[in-house]
Structure formats: structure tokens, C-alpha cells
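Remarks on the overall topology
As a plain string of letters, each chain reads:
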There are 2 protein chains.
Amino acid sequence: MASGDPSIDHPGEFGLIERLAAIIGAPSDERLVVGIGDDAAVWRAGESYVMATTDTLVPRVHYDPDIATWEDVGWKTLAVNVSDIAAMGGTPTLALVTLVTAPDVDMALMERLYVGIRACAEAYGVTVAGGDVVSGGAPSPTITVALLGEALRADDGTPLLLRRNAARVGDAVAVTGALGGAGGGLRALRNGAPHDAGRSALVQRHVRPMPRLDAGHAAIAAGVECGMDISDGLVQDLGHICRASGVSAEVDAGLVPLDPSLVSVYPEDARGLALTAGEDYELILIAPGDVLATASATLESPLIVIGRIVEGAPRVRVLDAGREIAIGQGGWDHLKPG
Amino acid sequence: MASGDPSIDHPGEFGLIERLAAIIGAPSDERLVVGIGDDAAVWRAGESYVMATTDTLVPRVHYDPDIATWEDVGWKTLAVNVSDIAAMGGTPTLALVTLVTAPDVDMALMERLYVGIRACAEAYGVTVAGGDVVSGGAPSPTITVALLGEALRADDGTPLLLRRNAARVGDAVAVTGALGGAGGGLRALRNGAPHDAGRSALVQRHVRPMPRLDAGHAAIAAGVECGMDISDGLVQDLGHICRASGVSAEVDAGLVPLDPSLVSVYPEDARGLALTAGEDYELILIAPGDVLATASATLESPLIVIGRIVEGAPRVRVLDAGREIAIGQGGWDHLKPG
């Protein structure tokens, strides 16, 4: 499952997940359609296909109670899970919410957290049906959401899914909207920026992500079979697709759509943030160009083609006027011509 | 969802859950069959009924890494969720596991944790299909499992469930096995006890709970409609049923089956622990006596009738030779003749 921005997340996360997955071993139940390694698990229940995902927000790691409102934290906690379902092309249904807090938690703050959860649930048609409240160390809660969803089905009953392992050589790579805004918003919250409309728009992108259920459904309807959401940053997430599909990807940096507010507030860093910052929760969609065009035609804002799938070892090459540029850990500041 | 032993859990847990549930409001989606307030949520997915539950184990609150092996912690983390599915009469299917740990977590210990999770998954037919690993404060992980299950269905397709709100005046109250063993095991681990066979059996009850899927299914097949698992202690959990059903319950203390090892290691406290200690993960089953007899006949170890449902305000009266005895917070030590 996607798990937030790795730059502030568990350093060894991916290695540890692989070691633990090896202990669990290959699943033997034929009802498991999608297991470890995609945005959500998919399970056949009778004629239906149930999706399941979980994401956790840790205070000071995934949210900062000093700079985000509790309503915003609640919204985001559910929204990042909704995005996992969107990334599979599904529709979210049922959520369980677990709070781990100190016994002396401020109940009024937790109520505000739930106001945000409710707002997101209403916006995306999710039913919150329970969960757990347990004692932990810190007053600020660690919040875990488990979210179920349902897959669309073809006429023959088979599930229609956006998978990470379905990129094919010759496919085009598209994204569903402008990138870098959430990363810019986080920077504005942390480092300060003039309080103007641009800053407000960026902060909103960071604290109130809007999962692209609409785009996931449009992609499924058009026949797209490969996609995921951008939680860790475009280059890193596209790298996940390359590894899962056994292909290489080329991205034309000049084609990557930049958040307009990002360009106005951080003009120097806009392109770097759009390539590497996380938490925009737009989708990467990968398919033959005509299939993407069909999907795009049904969306309010069109898909933006930014690159292509090519043969080669699994990696992402970012091209600037045809020349490869190196992508560092910290964004555009660290990029050097290759 | 059940959430472990309240004596070591969130003091205000039940009040906080009620306040948060009020903010979420009454669910409007007709696919939600069971929402907040039972052992698991139940959701209609096409012709199927999917159950969902989540439980969290916090270090030093729900497990002690100094006295339990990591394999045991892994087993218990999944088992307490399996018990929630058993308590609804269902069959567990798919699990997602979230670890919140410090970045310098000992990966070898986490692998041992997963060995225990795998053992429990294999014992109960659960597929572990993903999850999340995220940075938190402590090296010992906070572990959250989200578990799905599937409900059995009647010939007409309606789901067959054990509910907390289905106790009726005149029903008999039964349990599926001897009680108090897990509480005795916790005491033996904490306070020391001679290392003999009795102690070993108690400790095993505490660290390796065995959810009663078999009894849940037998109850459903016989037509039982009311039940839950004993996670918080017999009297407290039966109280949950009384409140959900709007009835009163009487328990004959002398009929409550005592764990034989408990009687040998803690003879003085055995009855008190059986009435109030948690984490035995046996089931309470409530139905007319003949229905319980039918269920009992199909089980290897018979059901034990311990009381009855009567009219009155929602509460549990514990009777000793016909006289009510008071039940305190701390077990039998605090009980006084009423």
C-alpha cells in the first residue's frame, strides 16, 4: 500500500516490507486477485471484487498539529486511502478508523478530527462504520484508516483494475493534473511565505488532497489497465511501475504540468517539486496513446502526456530538451545536468 | 470493534467512541448491514456480505516485549481480529498489517513477529495481503490489523450473523469454554509463579489465544442470532449485549466454567478471574435453550449454560447460591457479598 512521502517516512520501509512479505510467502487462496505490491489488495467475494487498503498518519511524521487544523488532518487521513482506491480504478465503500492516543487526549480536538473525516467521507461516498480507540504514548493521535472499495467489472464479470504491473513498451505516460502543489504547500507551511492567494492555494493542495476517483473511473471505462496515484513523487512512483512491469520510462521534464500557484510562489523550484515532491494524489495513467485520448475526452480537465514506456532495465529517465538530467533526493535544487 | 482489555486500555474509550460516532452520524448507505457497536462491520457487496474489523496492539499496553516472544505477539495480533469475525459467526479472509515503529527497528525481531502472524494466518485460513510500515516513536511497534471476513448466508441469501442486539427475554446464556485462563496467564507472567505445567497452560492461554471460529459456525448453523467474543471479561462483555439488546442478564457464578490450570495455580482467585478477566476469546452465545443444545451437539466440547436473559434495565447480575454478589474492577479480590 502507498504510505505517504518517503522523504519523511521510514528509511528502510521498502526493504523491510520485502523481507516481511517473503515471510508471509506467496498467497495460495485463488480468491486473492491482487496482493502485496499494488495500491490496494483485491479479493473476490462471490461475484464482487472487494478492494482493501490501509494508511497511517503519525504526528510529526505525516502531519504537524502545529500547522494543520484537526479538520484538515481528518480529511487527509481518509483522503490518502480514498486515493489508493482511485489508483486501482475502484470506488470506496467502508472505512474503519483507529486512533492511538494518550489517555488524556483532548476530546474536543478528536471531535474536530472526526468533522474532517466526515467531510471527506461525504465528498467521496464513504461510510465510516467503526474502528478502535486505544491508549498510546502521545496526546496527538496516530491515525490508521482501513478502507474498502469495490472494483468495476467487465460484462463477463471480470474485475477492471488499474495495476502497477501493466505498463507495456510503446505505451504513453500521462498524469491527471498539475504537480508539485502539495510539496509547495508543505514548504510554505514550514518555511513561511507571503500570505497571498498563491500560498493559500498551495497550502490547500497539501492539507486537503482531492483523490481522483473521476479519473480512475474514466481510465477504466476507456480501457486503461495501468496506473497508480502520486503519493511519493512522480519519479519515484513511476519507478514503482517500471519495477512492477519490468520496463523503463522516459519523462520529458518540459511536459510535466506545473501547479500555477507553485510557479508564482516558488518559480525556481517549481519543476523540481513537480518531479519529486509527493502527496499531490493525482494519478499516473499508462496506456496506448489512443486509449488515453479516449479517457481524456470524458474528463473535465484533460490528461497530460508526459512521456513513454520503453525497453530497458526498470528505471525512470527524466529528459530536458532530449538530455537526461539526474534526479536527487531533495528536489530541483539538487538536480544537475547529466 | 472490540479493543482488548479495558482495565489496561483507554479509560475513556467507550465515551470517546460514542462522541465520535455521533459526529459521523447515522449511516445512510443501505449496503451497511452492521455498523458501529458490534464486533465487526458488515457490508453487502453484490450477493456477498463482507465483514471488516480492526484491532491494535500497543507495546506496554496490549503486549509486553519483555515477557512475550515476538512470535507470540504476531499470533495474538491477528488472533484477536479473527476472534471478532468468529464473534459475528463469519469466516476470516483477508488481512492488512500496519507496523508503526522507530526507524531503527530491529528487522530480525519484526521477522519473528511475522512468523507468528503467518502461523495464525495458516491456522485460520487468513490471507495476509499487504499493509504499511511507517515511522513512529518507539522501537517496539504498534501493530494494527484490519481483517475482512465473509458471512454465512441463508438459503434466501440473507446474511446469518451473531449480533449483540439480539438477546431476548427467556434466552439462555452460554459460553464456549473455560474462562479466566488468559487472565491467570497474564498474572503468572507479571508476578511470577512456579514454572510447572499449570503455569505453562495459563501462559499459553494468554499469549496464544485460539479464536472459536468453530463455535461461531456451529451457532449460526443451529440458528443462534446473538453472541460476541469475550475480550474484556465475561461480566463486562455480557453487559455490552444487555445494553445493545435492552435486556438484563443473570449469571450463576457457580456455573461459570473455570480453567483447570487456573484452579490449580490461583485457586483463591479462579472464580473472580473467570468472571472479570479478559482475553479468553471464548464466545458468549445467547438463544433459547433448545437452540443452544442443537449447537452444542455439533461441537467437540459442549456449550456451558451459565445464566439467562431477564426483563429489566440493562445490567448483569452475578448470583452466588441465589444471592447477588458485587463485581468490582479488579477481579475477585474486590468482590463482596451483595
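What you see is a predicted model, and the numbers here were worked out from it, not measured in a lab.

Procedures and definitions
- Every chain is numbered independently, its residues counted from 1 as its sequence is written.
- For this description, chains carry letters from A and ligands carry numbers from 1, given in the order in which they are written.
- Local features in this predicted model are restricted to residues whose pLDDT is 70 or higher, and side-chain atom pairs enter the listing and the counts only when it is 80 or higher, whereas totals over whole chains, interfaces and linings include all residues.
- Values shown for side chains rest on all heavy atoms present in the structure; no hydrogens or waters enter the calculation.
- Exposure is judged per residue with a 1.4 Å probe applied to protein chains only, and the accessible area is read against the type maximum: over 50% gives exposed, under 20% gives buried, and values in between give partly exposed.
- Strands are runs of DSSP state E lasting at least two residues, helices are runs of H or I lasting at least four, and both sets are numbered from the N terminus onward.
- Working rule for contacts: check all heavy atoms of both residues, and any pair within 4.5 Å makes them a contact.
- As a working definition, buried area equals the accessible area (1.4 Å probe) given up by two parts on being put together, with both sides summed.
- Just to be clear on terms, a salt bridge is a Lys or Arg side-chain nitrogen sitting within 4 Å of an Asp or Glu carboxyl oxygen.
- We call two N or O atoms a polar contact when they sit within 3.5 Å, provided that within protein one can donate a hydrogen and the other can accept it, with sequence-adjacent residues counted only if both atoms are side-chain atoms.
- All residues other than Ala, Val, Leu, Ile, Met, Phe, Trp, Tyr, Cys, Pro, Asp, Glu, Lys and Arg, Gly among them, are scored as polar; the first ten of these are nonpolar and the last four charged.
- A helix is expected to span 1.5 Å for every residue after the first.
- Within 6.5 Å between ring centres, the rings of Phe, Tyr and Trp (the latter by its six-membered ring) count as paired, and their orientation is classed by plane angle as stacked under 30 degrees, edge-to-face over 60, tilted in between.
- For a ring to carry a charge above it, either NZ of a lysine or CZ of an arginine must fall within 6 Å of the ring centroid while also lying within 35 degrees of the normal to the ring plane.
- For two strands to be treated as a pair, DSSP must find no fewer than two bridges joining them.
- Interaxial angle, 0 to 180 degrees, is taken between N-to-C directions of lines fitted to C-alpha atoms, where a helix line uses only the stretch in contact.
- Any angle between 65 and 115 degrees counts as roughly perpendicular, while under 35 counts as roughly parallel, over 145 as roughly antiparallel, and the rest as oblique.
- Two helices that cross are described as forming a left-handed crossing if the nearer one is turned anticlockwise from the farther one by less than a right angle, and a right-handed crossing if clockwise.
- Scored from 0 to 100, pLDDT reflects the predictor's confidence in each residue.

Right, let's get into helix H4 (residues 181-191) of chain B. Residue and element names in this part refer to chain B. The buried fraction of H4 is high, at eight of 11 residues. Of the residues making up H4, those classed as buried are Gly-181, Ala-182, Gly-183, Gly-184, Gly-185, Leu-186, Ala-188 and Leu-189. On its buried face, H4 is in contact with helix H5 (197-207), helix H8 (260-265) and helix H9 (270-276). Positive phi shows up at Gly-192, right after H4, with a value of about 80°.

Turning to the interface of chain B and chain A, a few remarks are in order. Between chain B and chain A, the contact holds 67 residues from the first and 67 residues from the second. For the pair chain B and chain A, the summed buried surface comes to about 5,500 Å²; carbon and sulfur atoms form 71% of the total. Where chain B packs against chain A, one counts two salt bridges. At the surface where chain B touches chain A, the tally comes to eight residue pairs in polar contact (both at pLDDT 80 or more). Ranked by residues supplied to the side of chain B that touches chain A, first place goes to strand S5 (residues 127-135) of chain B with nine residues. Tallied by class, residues from the side of chain B that touches chain A come to 37 nonpolar, 20 polar and 10 charged.

Turning our eyes to something else, we now look at helix H7 (residues 234-245) of chain B. All names here are of chain B. With 12 residues, H7 should cover 16 Å at 1.5 Å per step; its first-to-last C-alpha distance of 16 Å lies within 8% of that length. Of all the 12 residues making up H7, nine are buried; the element is thus mostly covered by neighbouring parts of the structure. Along H7, the positions that sit buried rather than exposed are Leu-234, Val-235, Asp-237, Leu-238, Gly-239, His-240, Ile-241, Cys-242 and Ser-245.

Before going further, it helps to spend a moment on the environment of B:Ser245. Residue and element names in this part refer to chain B. By the secondary structure assignment, Ser-245 is in helix H7. Sequence separation between Ser-245 and Ala-295 is 50 residues, and the spatial gap between their C-alpha atoms is 22 Å. When near neighbours in sequence (up to four residues on either side) are disregarded, Ser-245 contacts Arg-164, Asn-165, Ala-166 and Ala-167. In terms of polar contacts, Ser-245 uses its side chain to reach the backbone amide nitrogen of Ala-166, at 3.3 Å.

Here we come to the environment of A:Ala313. All names here are of chain A. Tracing the chain through its elements places Ala-313 in the loop between strand S13 (304-310) and strand S14 (316-320). Classification of Ala-313 by relative accessible area gives exposed; the value is 56%. Measuring from C-alpha to C-alpha, the distance between Ala-313 and Glu-268 comes to 32 Å, with 45 residues separating the pair along the chain. Excluding anything up to four places from it in sequence, Ala-313 contacts Val-247 and Ser-248.

Let us look at the packing of aromatic side chains. Residue and element names in this part refer to chain A. All told, the structure shown has four aromatic pairs over all chains when counted by the stated rule. Taking the centre distance of 5.7 Å and the plane angle of 70° together, the rings of Tyr-63 and Trp-70 count as edge-to-face. On the basis of relative accessibility, which here comes to 6%, the residue Tyr-63 falls in the buried class. Relative accessible area serves as the criterion here: at 9%, Trp-70 is assigned to the buried category. Across the ring face of Tyr-266, the terminal group of Arg-187 is positioned such that the distance to the ring centre comes to 5.2 Å.

Glancing now at the sheet that holds strand S4 (residues 91-101) of chain B. All names here are of chain B. Strand order in the open sheet formed by six strands is S1-S2-S3-S6-S4-S5, with mixed pairing between adjacent strands. Only two strands of the sheet have a single partner each, and these edge strands are strand S1 (32-34) and S5. Across the sheet, the mean angle separating the axes of adjacent strands is 25° when strand polarity is ignored. Across eight bridges, the pairing between S4 and strand S6 (residues 142-150) is antiparallel. Among the inter-strand pairings, Leu-96 is bridged to a residue of S6, identified as Ala-146. Along the sheet, helix H2 (residues 70-87) makes contact with strand S3 (48-57), S4 and S6, crossing S3 at roughly 140°. Each of S4, S5 and S6 touches helix H3 (residues 107-124); the most contacted strand, S4, lies at about 170° to it.

Moving on, we come to the packing of helix H2 (residues 70-87) of chain A against helix H3 (residues 107-124) of chain A. In a packed pair of helices, the relevant descriptors are the angle between the two axes and the axis-to-axis distance. Residue and element names in this part refer to chain A. The contact between H2 and H3 brings their axes to 6 Å, and the two run at 40°. Relative to H3, the element H2 lies oblique. Crossing angle aside, the handedness with which H2 passes H3 is right-handed. The residues of H3 that touch H2, namely those facing Trp-70, Glu-71, Val-73, Gly-74, Trp-75, Leu-78, Ala-79 and Val-82, are Leu-109, Met-110, Arg-112, Leu-113, Val-115, Gly-116, Ile-117, Ala-119, Cys-120, Ala-121, Ala-123 and Tyr-124.

Take unusual backbone geometry next. Residue and element names in this part refer to chain A. Despite not being glycine, Tyr-281 shows a phi value in the positive range, around 60°. Relative to the helices and strands, Tyr-281 resides in the loop between helix H9 (270-276) and strand S12 (283-287). Since its relative accessible area comes to 2%, Tyr-281 is described here as buried. Within the chain, Ala-321 stands out as a residue other than glycine whose phi angle is a positive 55°. Here Ala-321 shows up in the loop between S14 and strand S15 (323-326).

All names here are of chain A. Taken residue by residue, chain A gives an average pLDDT of 90. The fraction at 70 or more is 92%. Counting contacts from residues 1-11, a segment whose pLDDT is below 50, to residues more than four positions away or on other chains yields 51 contacts. The low-confidence segment residues 329-338 (pLDDT under 50) makes 23 contacts with residues lying over four places distant or belonging to another chain. Reported confidences for the modelled complex are a pTM of 0.92 and an ipTM of 0.91.

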